[in-house]
Amino acid sequence: MFNKITFYRKMKGGAEEAMLTLVARANTLLADISRRSQEIPSVFRDPRGEVSSIIADFSYLKSPDILESQIARNERLNDLDLKIKEEHLDLLKRFYDCFESIERYGTDLIQFIDDLEEGRFIQQNLENILQREEGKQLLAEAVYLQGVILLYIDQQIPGDIRERLLVSYYRYCGQSTNNSNIDTVCQLLRSAGLLSGGKRPVNYPENLFSRVSIQKPVIKQLVGVLRSEDLYNMLPYYPQPEDRSTALSVQAGMLFIILYFDPQILRLETAMMREIVDKYFSDNWVISLYLGMTFWLPEAWENYKAGKQAINNTTTNSDVKILASRHGEKLLNLIPRLEELLLEGAVTKKIILENSLKLINVVRESNVTLRWIFLHSTALTNFAAGHKRTRQLYELCLKELKIGSKDLFSLLVLSSRLEQLIREMFQKILQHRADMWNKLKEDSSNRLKELADVFGGEQKLSRIQPNKKLQSWLQQRAEQISQLDVDDAEKSSYIAVQLIQALTEARSFNQLSSNLQVIQYLSETEKNLLQMVQLVSAKDQVLVKVQILADFSYGWELVQNFTQIMQSEIKSTPSVVSDIRCVFIKMSGAMEGAVLRISEAESSDLLIVSEHYSRTLVTFIRKVLQVIPDSMFDLLDQIIALQAQTPEIPTRLEKDKLREVSNFDKRFEIAKLTHQVSVLSRGIMALGKTLVGVVQVDPHKLLEEGMRRELISRVSLLLHNTFIFNPRSKERFGELTDKVTKSWKVMESFRKSFEYIQDYIGISTLCLWQEEISRLINYAVEREASMFLRGPTQFHSQYQSNVIPIPEHKLNIDDASKNFMGRIARELIGVSEYQNVVYAGEDESWFSMKPPHSLMVSESVINQLGLSIGVPGIAGLSRLLGLMSVQKMQNLVEVLQKEILEEQDVFKLLDQTQEHLGSYSDLVPYPAKTYGTILNKISKNIQNISVLIVSLGQLTILRQLMSHHLSGSARFQAKLLRSTVESLQAGIITVGQTKESGFREESKRNLVSELTSITQWIGLDQPVDQIYIPSPVPIRNLELFLALLIIHQVSKSVYNPSTGFLLSRRPGEMDLFVLVQGVHVLLNHYHPQLKMKISKILKQAEDSLRIGGDTVQADNIHLFNNCLM
């Protein structure tokens, strides 16, 4: 809170304008540090594993080549380094810009002081600057804020994190930009040895402050000004001697910081420190700086002889007991007084006008007491907790206060309510002052005119004789009243007071005092005139006083300690939200000090800084009010349990059985719980639309966000805990179906309960359900997909939100997946592996290989899974399997190139075989022996590639099942969407097939990209025909190798009438139908002629074997060839 009284007067250039700009920059920097501290990525906050080998501190600068060479030699580290750079480079630039701005502020401050001393400002120097009120304030603030910036960044972005951020910036772009400031930035912001939760480093923070070398004479002059003057003219607002420390609290905080720029004063100047402590810290020993940073003086000055001696003199046990007990008694006395004032009708407009000073005194006393207890009784900081004397003071203070946290919270709420009540009523008075004035003036004038008519004989009134003199006198007074002007306050007030005195004296006249009606008219006119005097004296100054006295900047951070109390109060009595709303408004007033100088400087950063602090406060409001959605969900759990025990009443029912199925008791319990949900929703609505800084808080939106946050938290935890599988389980498929069924039942119960309560809370919960479940699953898919893609992960996720975050759950060390979606996908793959199951193409299902050949994976399993995770989940699984297919396809092409081209024996054998087989229309002599000899030589190569092809076929079949499910869902639930997309897809394909048209324009390419995503969601894609990678380089003799692979696998298989296709003779060796699908997908990536050549080679083998007498083998090859084509 800086000078809330003195309004900024526009300065015409010069030193004061330069100082104002500096101070505005400092306040903007503090907001930027706060904003940056919320964006620190985990890789820089706590690097672990391989990341710790890349993210280095300033030790890197001693020998950078060692780390660079280590990364260059290790391909994995190099890829990880590139990924970190790609993801965080923009963020690192923002952090560096913030750090560089801090360094530049210190440089500019020192340069400004040098310019002042060297006389570069015309007729302005340090001496006359310190003689002017604005000059003293701004110069002291500029130096003070330099210290606050250094302390604040050391708290919000610790030294080790700063070093990692700076080194990473230097590695990724600092060297290429040749930034000359990076050395000075690193020198200023290197770690000062401050560790979270540790003790204060030696000579901290003076060593940190010494990095900005402000001239000592300037510091001494500022200390002299601060210790001898009331810099912000606050004492008139705190007239009581015991309130002096509160009045000078801002100035005391500035002095506390500035003393560290010249620590010799703290060490050696005993008399000066005694004077400072007696003036500022005689009855307090906890200092609050800039929006809630707190320091305990006994601990902070422990290593400074003069400071320690001075503060010890005022913190003896006897003094502390007296102060604590006095403030504790004050608090207990204030609470009933405030409760009495806040009763309905206790404070009205009339009372405010008549007793504004008394009300202001109550506000002052409440806030002085609140501030002292708040600072001296809340939890110790890390530094203070490690200091023995400070702990003793803290414990003694708590003991002597004899109050609880709820008492302190009650004082906070009651004082906030009174302040808000005075503020609202006084604003209404000021708003309608002219109307009220005119009404009172007209009424008073008319009364006197009526009396004048009575004494003039124009109106008859019993026992009153006409009196021309009285008539004339009353008419003159009426005329005077009618000429009173509210805009000319001083003159009108003076005349009104004279008229009151005249009317009081006139009542002593016999003719006036002898009639009760005349006396009543005169008395009411006097009351009207008195109200007019009070109205004309009602000015904005009262609101300014309330604003100054209600300052809560010291509690910006400390109020977090009362979150649990607030939530418990709201949970027990939801309507108390309207009272706590006043606390939020009181907190919003604390932001004014942070933006005041920015506003005065007319900086473009005003809106950005205001929005940041406003949104910070809104985040706190959300945190407090989250207890309402949390309580709602607890009630929903009970409703779900009761609904499960209460069967629905059938549409047709015999009358005699109505009572039997009605379950009145359980339905009453459901109704009771539903009413509690409704009461909770009304409680948050009591907040009303509240302007917090520059952000308006809408209670309806808060409730909806809270519901979303709680829903996403509970559902994500449910899915995470449910879909955990044991790959070594013997009943693996049964475990999968059990978990899918369990999750579906719970999710369906959730959805039904959401639908049930939507009318009672005024929110479209089904829409909310669909949006959040879709977002959760899309986020899980995106996180899982990041394992296959290089690019942004969680930090840049389009589905993640700061307001409604999707939680991250702890994973097992051996878990290959990042979340439940990956685990489901891998479990589906695991239960459908060809070693244990066989695929029946006609049934589109996998069956167990062992009797009784039970059904394992089929479309029914996918349908059941769809009931649990919905369309987004099935579409997400299909996408994950598609990414796995991309990876398999890439590996397959690489292995084919290696096996065919790089293996010289295989390469030569294929060339020889090509010559031996001759034309594909020729018959092969002795086919069984010929093919057997060739296959024996390359059987190992064939087996390796067969496994990859079968894996590709397995993924394709699973995706095909999911596509069928999505297609069926779209037919029944989104007919119009499906038909529209089908038509659009057909049109685009037609356009794309014409020679003169294409999709070179970016807009058309975007259309195709968006359409592809939609077609996958509604099952219009064909996974078996999908292209996963760009066309690979043609491989010599690939068609011959693949044909030999097929012949080899067919030779080891027999026809199975149950599946309608070929099965390997040895159970679990190979699934030929899955192999066909894999070969088909592989050949889609090559020219169509390759498939035709393979078909010809297979036809040659079939004819040769048939003529050679091996008709069974020939029939099997024929069957495979037909299926492939």
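This is a predicted model, so every value here is computed, not measured.

Caption draft 1: Up close: the overall build of the protein. Check the secondary structure of the protein and you find 47 helices and nine strands. The globule rule puts the C-alpha radius of gyration for 1125 residues at 32 Å, and the 42 Å found for the protein is more than 25% above it. For the protein, the C-alpha atoms occupy an extent of roughly 145 × 90 × 65 Å along the three principal directions. Across the 1125 residues of the protein, 52% fall into the buried class. In the protein, 78% of the contacts between residues at least 6 apart in sequence involve partners at least 24 apart. Accessible surface, the protein: about 52600 Å² in total, of which carbon and sulfur atoms supply 50%. Positive and negative charge centroids in the protein, built from 129 and 133 side chains respectively, lie 3 Å apart.

Caption draft 2: Structural detail: the pairing of strand β2 (residues 293-296). Neither face of β2 is open: one carries M293 and F295, the other T294 and W296, and all of them are buried. Linking strand β1 (residues 286-289) to β2, which pair antiparallel, is a turn of three residues; within it Y290 sits at a positive phi near 25°.

Caption draft 3: Structural detail: the environment of R447. Along the chain, the position of R447 falls in helix α22 (residues 433-456). The exposure class assigned to R447 is buried, which follows from its relative accessible area of 18%. Sequence-distant contacts of R447, that is, excluding residues within four places in its chain, are made with Y521, E524, T525 and N528.

Caption draft 4: Representation of the pairing of β1. Here β1 shows a buried face lined by V286 and S288 and a second buried face lined by I287 and L289. Pairing analysis gives four bridges linking β1 to β2, with the strands arranged antiparallel. Counted as the bridge partner of V286 is W296 from β2.

Caption draft 5: Focus on the packing of aromatic side chains. Following the criterion strictly, the structure yields 31 aromatic pairs and no others. Here the aromatic rings of F256 and F295 are separated by 5.5 Å at their centres, their planes lie at 40°, and the arrangement is tilted. With F256 in helix α12 (residues 249-259) and F295 in strand β2, the pair connects residues that are 39 residues apart, well separated along the chain. Take F256 and F295: they sit in the same class, and that class is buried. By the ring-pair criterion, three or more aromatic residues cluster together here, those being F209, F256, Y260, F261, Y280, F281, F295, W301 and Y304. Across the ring face of Y521, the terminal group of R447 is positioned such that the distance to the ring centre comes to 5.2 Å.

Caption draft 6: Fine view of the packing of helix α44 (residues 1038-1051) against helix α46 (residues 1088-1107). Relative to each other, α44 and α46 sit at 45°, their axes nearing to 9 Å. Considering the angle they form, α44 stands oblique to α46. At the point where α44 passes α46, the crossing takes the right-handed sense. Two secondary-structure elements touch here, α44 through L1038, E1039, L1040, L1042, A1043, I1046 and I1047 and α46 through L1090, K1093, I1094, I1097, L1098 and A1101. Taken together, the residues of the contact of α44 with α46 sort by class into 11 nonpolar, no polar and two charged.

Caption draft 7: Geometry of α44. With 14 residues, α44 extends 20 Å between its outermost C-alpha atoms, agreeing within 8% with the 20 Å of an ideal straight helix rising 1.5 Å per residue. Counting buried positions along α44 yields 13 of 14 residues, so the element is predominantly enclosed.

Caption draft 8: Local environment of the packing of helix α21 (residues 405-431) against helix α27 (residues 540-549). Between α21 and α27, the least distance of the axes is 10 Å, while the angle of their chain directions is 165°. With respect to their mutual orientation, α21 and α27 come out roughly antiparallel. Crossing geometry of α21 relative to α27 is assigned as left-handed. Side by side, α21 and α27 meet where E419, I422, R423, F426, Q427 and L430 of the first sit next to D540, V542, L543, V546 and Q547 of the second. Split by residue class, the contact of α21 with α27 holds six nonpolar, two polar and three charged.

Caption draft 9: Main features of the pattern of salt bridges. For the structure shown, the criterion picks out 46 salt bridges. With a shortest N-O distance of 3.0 Å, E302 and K308 are connected by a salt bridge. The partly exposed category is assigned to K308, whose relative accessible area is 30%. Residues participating in the shared-partner salt-bridge network are D630, D634, D637, E710 and R714.

Caption draft 10: Looking closely at the side chain of S774. Here S774 lies in helix α37 (residues 765-785). Given the relative accessible area of 16%, S774 is considered buried. With near-sequence residues (within four places) excluded, S774 lies in contact with P872 and W1017.

Caption draft 11: Here's a closer look at the nonpolar core. Residues F256, F281, W301, Y613, M707 and W846 are the most contacted members of the largest nonpolar core, which totals 355 residues. Those residues within four positions of M707 in sequence are excluded, and the remaining contacts are P629, M632, F633, F754, I757, I761, I763 and L768. Grouped together as the second largest cluster of nonpolar side chains are six residues, V981, I988, L1011 and L1020 included.

Caption draft 12: Structural detail: helix α41 (residues 927-973). Taking 1.5 Å per residue, 47 residues should reach 69 Å; α41 reaches only 56 Å between its end C-alpha atoms and comes up short. The sharpest bend along α41 measures roughly 65° and falls at I938.

Caption draft 13: The arrangement of the sheet that holds strand β5 (residues 837-840) in detail. The strand order β5-β6-β7 describes an open sheet built from three strands, whose pairing is antiparallel. With partners counted over all chains shown, the strands left at the sheet margins are β5 and β7 (855-857), one partner each. Geometrically, the sheet is characterised by an average inter-axis angle of 45° between neighbouring strands, direction not taken into account. Bridge count between β5 and strand β6 (residues 845-848): four bridges; the pairing is antiparallel. From the neighbouring strand, V837 faces β6, where its bridge partner is S848.

Caption draft 14: Seen up close, the confidence of the model for the protein. The predicted model of the protein has a mean per-residue pLDDT of 86, with 95% of residues at 70 or higher. Counted against residues more than four places away or in other chains, residues 1-12, with its pLDDT under 50, gives 39 contacts. Predicted confidence is poor over residues 791-795, with pLDDT under 50, and the contacts of this stretch with residues over four places away or in other chains come to 15 contacts.

Caption draft 15: Quick look at a negative patch on the surface. Together, D485, D487, D488 and E490 make up a region of like negative charge exposed at the surface. Overall, the relative accessible area of 72% leaves E490 in the exposed class.

Caption draft 16: Spatial organisation of the environment of L195. When you line up the elements, L195 lands in the loop between α8 (182-189) and α9 (206-209). Spatially, the C-alpha atoms of L195 and N382 are 9.8 Å apart, while their sequence positions differ by 187 residues.

Conventions we followed
- Residues numbered from 1 in each chain as written.
- Predicted model: local features only at pLDDT ≥ 70, side-chain atom pairs only at ≥ 80, totals over all residues.
- Heavy atoms only, no water.
- Helix = DSSP H or I, 4+ residues; strand = E, 2+ residues; numbered from the N terminus.
- Rg over C-alpha atoms; globule rule 2.2 N^0.38 Å.
- Buried < 20%, exposed > 50% of the residue type's maximum accessible area, 1.4 Å probe, protein only.
- Contact = heavy atoms within 4.5 Å.
- Areas by Shrake-Rupley, 256 points an atom, 1.4 Å probe, with all protein chains shown as cover.
- Lys, Arg positive; Asp, Glu negative; His and termini not counted.
- Charge placed at Lys NZ, Arg CZ, Asp CG, Glu CD.
- Pairing = 2+ DSSP bridges.
- Phe/Tyr/Trp six-rings, centres within 6.5 Å; stacked < 30°, edge-to-face > 60°.
- Lys NZ or Arg CZ within 6 Å of the ring centre and 35° of its normal.
- Axes fitted to C-alpha atoms, helices over the stretch in contact; angles between N-to-C directions.
- Parallel < 35°, antiparallel > 145°, perpendicular 65-115°, else oblique.
- Left-handed = near helix turned anticlockwise from the far one by under 90°.
- Nonpolar A, V, L, I, M, F, W, Y, C, P; charged D, E, K, R; others polar.
- Expected span 1.5 Å × (residues − 1).
- Salt bridge = Lys/Arg side-chain N within 4 Å of Asp/Glu carboxyl O.
- Core = buried A, V, L, I, M, F, W, Y, C linked by side-chain atoms within 4.5 Å.
- Bend = angle between axes of the 7 residues up to and from the residue.
- pLDDT = per-residue confidence, 0-100.
- Patch = residues over 30% accessible without salt bridge, like charges linked within 9 Å, V, L, I, M, F, W, Y side chains within 5 Å.

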